[in-house]
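# Commentary on secondary and tertiary structure
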Amino acid sequence: MPRGPGSAGDAIDTGVAVVDAYVIGVDVGGTTTKLGRYRPGADDLEGFRSLPTGAARAPAEVLADLAAAVRDLAAGATGTAAALGVGVPATLSRDGRIEVLPNFAPGWRGLDVAASLGAAVDLPAVVLNDARAFTLAEARLGAAAGARTAFGVTLGTGVGGGLVIDGRVHRGDSGNAGEFGHHVHDPHGPRCGCGSHGCIEVYASAPALVAAVMRAFAQGAAPVLARLAGGRRDAVTPALIAEAAAAGDTICADALGRVTLVLGVALANVTTLVSPERIVIGGGMAGLGDALFAPLRRVLAAYAPTAGERLPTIVPAALGDRAGALGAALHALDTFR
Ligand SMILES: [Zn+2]
């Protein structure tokens, strides 16, 4: 597998002190938390497992379960745990404290998850936004392996993003560089959870796409979709909307067209600014395949002329549900090696 500069392969050469040491990567999700062990130079995690996050509980209870899961992962493994990386679906302060953590119980703001968990399991620890972790893993070992500069996008319940330059996550001065979901598409648009208006996430997340066809669905104006969904509102998903669009439902085709225009224009702006070699798209909506990727490539080509022949390729993510934990582990390796 080709590897870019600063890749996991280099980590061995430049010196993780103990040859059989490994790092632990944890990906804390709103519903499920995933974790695994990563050894420098490997292509994948070992001991990969998941547990329910229980995000409605108090932070101390969630953190206690995470610490227990990390101890369990380390027990019985050969070698020594050297560090811990934690991916969280949150914006973070410069020094790694939680700022906004949607879909979790109150009480997380200001918490230093790396310090808490690290102290509980007696390991040096670092925290990273989950979409940045996804991007780092895909850039090193996944769909953008070998690319010097990669941009990652996660399309699901929310819209996340990350930028990897020369093999390392670019966090910027604020610590939150790469927040693609909060690029503004329309400053006069609806208020977003982040406090701004008309963010990409307002238009292009999976719930936003579903919401965009619901009025027509309720009025009987999307007959193909209604037939595919068996008339049930709760059966409408992005995949079903794409299927209906392909079968001639103009409401669904229009909604999908708006989503790909919003995303494609934003990716063109990213390209104009940082000129990534590859753009990796993951999350549930990446499963739409060509219904998503083909129009995105057309919009990108139309709106990023300065890239010339170096227009980035847009590719689906390759690492599946391991990417977040793998990226968190790689970031720990980068931080503590
Ligand atoms: Zn926003």
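Residues numbered from 1 in each chain as written. Predicted model: local features only at pLDDT ≥ 70, side-chain atom pairs only at ≥ 80, totals over all residues.

### Topic: the overall build of the chain
Assigned secondary structure in the chain consists of eleven helices and twelve strands. A globule of 337 residues ought to have a C-alpha radius of gyration of about 20 Å, and the chain, at 20 Å, matches this closely. In terms of overall dimensions, the chain has a C-alpha envelope of 60 × 50 × 35 Å along the principal axes. For the chain, buried positions account for 46% of its 337 residues. Nonlocal contacts in the chain, meaning residues at least 24 apart in sequence, comprise 66% of its contacts between residues at least 6 apart. (Helix = DSSP H or I, 4+ residues; strand = E, 2+ residues; numbered from the N terminus. Rg over C-alpha atoms; globule rule 2.2 N^0.38 Å. Buried ≥ 20, exposed ≤ 12 C-beta atoms within 10 Å, placed from the backbone. Contact = placed C-beta atoms within 7 Å.)

### Topic: helix H9 (residues 250-274)
Along its 25 residues, H9 runs 35 Å from first to last C-alpha, staying within 8% of the 36 Å computed at 1.5 Å per residue. Following H9 by one or two positions, serine 275 has its phi on the positive side, about 50°. (Expected span 1.5 Å × (residues − 1).)

### Remarks on the packing of helix H6 (residues 206-218) against H9
One way to put it is that H6 packs onto H9 with a least axis distance of 10 Å and a crossing angle of 150°. When the axis of H6 is compared with that of H9, the two are roughly antiparallel. Seen from above, H6 lies across H9 with right-handed handedness. The segment H6 lies against H9, with Leu209, Ala212, Val213 and Ala216 engaging Ile251, Cys252, Ala255, Arg258 and Val259. (Axes fitted to C-alpha atoms, helices over the stretch in contact; angles between N-to-C directions. Parallel < 35°, antiparallel > 145°, perpendicular 65-115°, else oblique. Left-handed = near helix turned anticlockwise from the far one by under 90°.)

### Quick notes on the sheet that holds strand E4 (residues 81-88)
The five strands lie next to each other as E3-E2-E1-E4-E7, forming an open sheet whose pairing is mixed. If you trace the sheet from one side to the other, it starts and ends with strand E3 (46-52) and strand E7 (125-129), each paired once. Across the sheet, the mean angle from the axis of one strand to that of its neighbour is 15°, orientation sign disregarded. Two elements, strand E1 (residues 22-28) and strand E2 (residues 32-38), share six bridges in a ladder whose sense is antiparallel. (Pairing = 2+ DSSP bridges.)

### Considerations on the nonpolar core
Among soluble globular proteins, nonpolar side chains are generally buried collectively. Core analysis: the biggest nonpolar cluster contains 103 residues, and Val26, Leu84, Val86, Ile241, Cys252, Leu326 and Ala329 have the highest contact counts within it. Ranked by the residues each element gives to this core, the list is headed by H9, at eleven residues. The residues contacting alanine 329, other than those within four sequence positions of it, are Val23, Ile24, Gly25, Tyr38, Leu45 and Gly85. (Core = buried A, V, L, I, M, F, W, Y, C linked by C-beta atoms within 7 Å.)

### Description of the domain arrangement of the chain
As assigned here, the chain comprises domain 1 (8-138 + 321-336) and domain 2 (147-317). Put simply, the middle of domain 1 and the middle of domain 2, counted by C-alpha atoms, are 27 Å apart. Listed as interface residues are 17 residues of domain 1 and, on the opposing side, 20 residues of domain 2. No other element matches the seven residues that helix H4 (residues 130-141) contributes to the side of domain 1 that touches domain 2. Here the residues of the side of domain 1 that touches domain 2 sort into eight nonpolar, four polar and five charged. (Domains from an automatic or database assignment. Nonpolar A, V, L, I, M, F, W, Y, C, P; charged D, E, K, R; others polar.)

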